Each structure stands twice: as C-alpha cells, then as structure tokens.
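So you can see what is in the structure, the chains are spelled out below.
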Amino acid sequence: GGGNGGGNDGGGGDNGGGNGGGSGGETAAVIMSARNIKSDMDGRFGFGCVVSKPGDGEQNWHQDGDTRRNPEEPARTVIVFVAPAAVTRAEGPLEVIRGSNRVANVFGQSQAELPPSLAAAYTAPGEGASFLFECDGPGAVIVMDYRCWHRGLGNNSGLTRPLIYARYEAVAPG
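Residues numbered from 1 in each chain as written. Predicted model: local features only at pLDDT ≥ 70, side-chain atom pairs only at ≥ 80, totals over all residues. Heavy atoms only, no water.

(A) Quick peek at the packing of aromatic side chains. Taken as a whole and judged by the stated rule, the model has 1 aromatic pair. Ring centres of Trp61 and Tyr122 lie 5.5 Å apart, and the angle between their planes is 80°; on these two criteria the pair is classed as edge-to-face. In this pair, Trp61 sits in the loop between β2 (47-52) and β3 (77-82) while Tyr122 sits in the loop between α1 (116-121) and β5 (130-133), placing the two residues 61 residues apart along the sequence. (Phe/Tyr/Trp six-rings, centres within 6.5 Å; stacked < 30°, edge-to-face > 60°. Helix = DSSP H or I, 4+ residues; strand = E, 2+ residues; numbered from the N terminus.)

Laid out in structure tokens, this is it:
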C-alpha cells in the first residue's frame with residue numbers, strides 16, 4: 001500500500017557554479033542547482049511519505065518517471081528516500097536494481113514487468129544487481145535516479161514501515 005503525504009514548497013537554492021579560470025583546452029565544471037519539483041499529474045510538490053503496513057504485499061516493478069528520456073543521458077531527476085526508523089527485510093524494504101536507470105521500457109512490455117534484459121539477470125531480492133534499502137535506525141538515506149527500476153517488498157512484520165521521499169530536478173544555475 002502506499003500513502004502520499006507532504007506539502008513542502010521545497011524552494012531552490014543556488015549552489016553556485018562557475019569556471020575554474022583556466023586557459024587553453026581546460027574544461028570548466030558546471031555545478032547544477034536542484035529544486036524540489038511538483039508532480040506533473042496532480043500539482044503536488046515532490047515530497048511525501050510512502051507507507052507499508054503489516055500484511056501489505058510487494059509492489060510491482062516500476063520506474064517513477066523520466067521514462068521517455070534517453071537512458072544514456074545523465075539523470076535529470078532524482079528521488080531521495082530517508083528512513084525515519086529502522087527498516088528490516090521483514091518490514092518490506094525498497095528494492096532497487098543497480099544500473100537499471102540505463103534500461104528503457106520495451107514496446108509491448110507489461111507495466112509491472114521488468115524489461116527482458118533485467119528480468120533475465122534477476123535472481124532474488126538482495127542478490128546480484130538487486131539492492132535492498134535496509135538500515136538499523138533512523139536517518140539512512142538513498143538517492144536514486146528517477147528512472148531506476150524498483151519496488152517495495154511485502155511487509156511481513158507487525159510494524160508499519162514509512163519512507164520519506166523528496167524529488168529533485170537538476171536546473172542550470174542562473
């Protein structure tokens with residue numbers, strides 16, 4: 001199950017940027033700013049809480065967005081998950097397939113299925129390229145490219161498992 005809460009205007013904040021002042025063939029680094037973004041569908045800001053209650057089943061595999069972008073392009077949007085409490089395997093942690101942000105949907109693929117290249121390599125939660133977001137206490141953070149394939153596992157504990165999230169979009173300084 002999933003709940004959505006929140007309501008944070010996020011704000012921006014310029015992290016600076018600029019040139020290294022070099023000469024010749026040197027390449028200047030550009031530092032991007034980030035801003036909390038609103039959902040395209042419902043206008044809510046990208047801040048909330050996903051809750052898994054005791055007995056909730058596992059989610060279907062999915063990407064949160066940016067699915068029409070070229071998978072070879074750098075991330076434009078990231079989602080930051082923060083655990084406000086311990087997360088164990090029994091409570092249904094977030095499962096992410098490492099590197100899956102570079103794997104696009106396949107025409108005709110069911111919405112809940114992994115693309116064939118990921119499905120062929122997948123063995124079990126926490127094995128191979130699968131990463132489980134588990135932690136011993138509050139404050140653990142994971143930053144994920146919005147295009148990563150992921151799901152919440154089933155909650156087989158007697159505890160509710162919340163995960164706080166915020167979505168950020170890269171914006172050019174200025």
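(B) Highlighting the nonpolar core. Counting 14 residues, the largest nonpolar core has Phe81, Leu94, Phe133 and Leu163 as the members making the most contacts within it. Only β3, β4 (94-97), β6 (141-145) and β8 (161-171) provide two or more residues apiece to this core. Excluding residues that lie within four positions of it along the chain, Phe133 makes contacts with Phe81, Ala83, Val87, Pro93, Leu94, Ala140, Val141, Ile142 and Leu163. Counting residues in each nonpolar core, the second largest holds 6 residues, with Ile97, Val103, Leu114 and Trp149 among its members. (Core = buried A, V, L, I, M, F, W, Y, C linked by side-chain atoms within 4.5 Å. Buried < 20%, exposed > 50% of the residue type's maximum accessible area, 1.4 Å probe, protein only. Contact = heavy atoms within 4.5 Å.)

(C) Representation of the pattern of salt bridges. A complete count under the given rule lists 3 salt bridges for this structure. The shortest N-O distance in the salt bridge between Glu58 and Arg151 comes to 2.9 Å. Linking Glu58 in the loop between β2 and β3 with Arg151 in strand β7 (residues 150-152), this pair joins segments that are 93 residues apart in sequence. Across the pair Glu95 and Arg151 runs a salt bridge whose closest N-O atoms are separated by 2.8 Å. With Glu95 in strand β4 and Arg151 in strand β7, this residue pair connects regions lying 56 residues apart in the sequence. The residues Glu95 and Arg151 share a single accessibility class, namely buried. (Salt bridge = Lys/Arg side-chain N within 4 Å of Asp/Glu carboxyl O.)

Without other data, these values stay purely geometric and don't point to any function.
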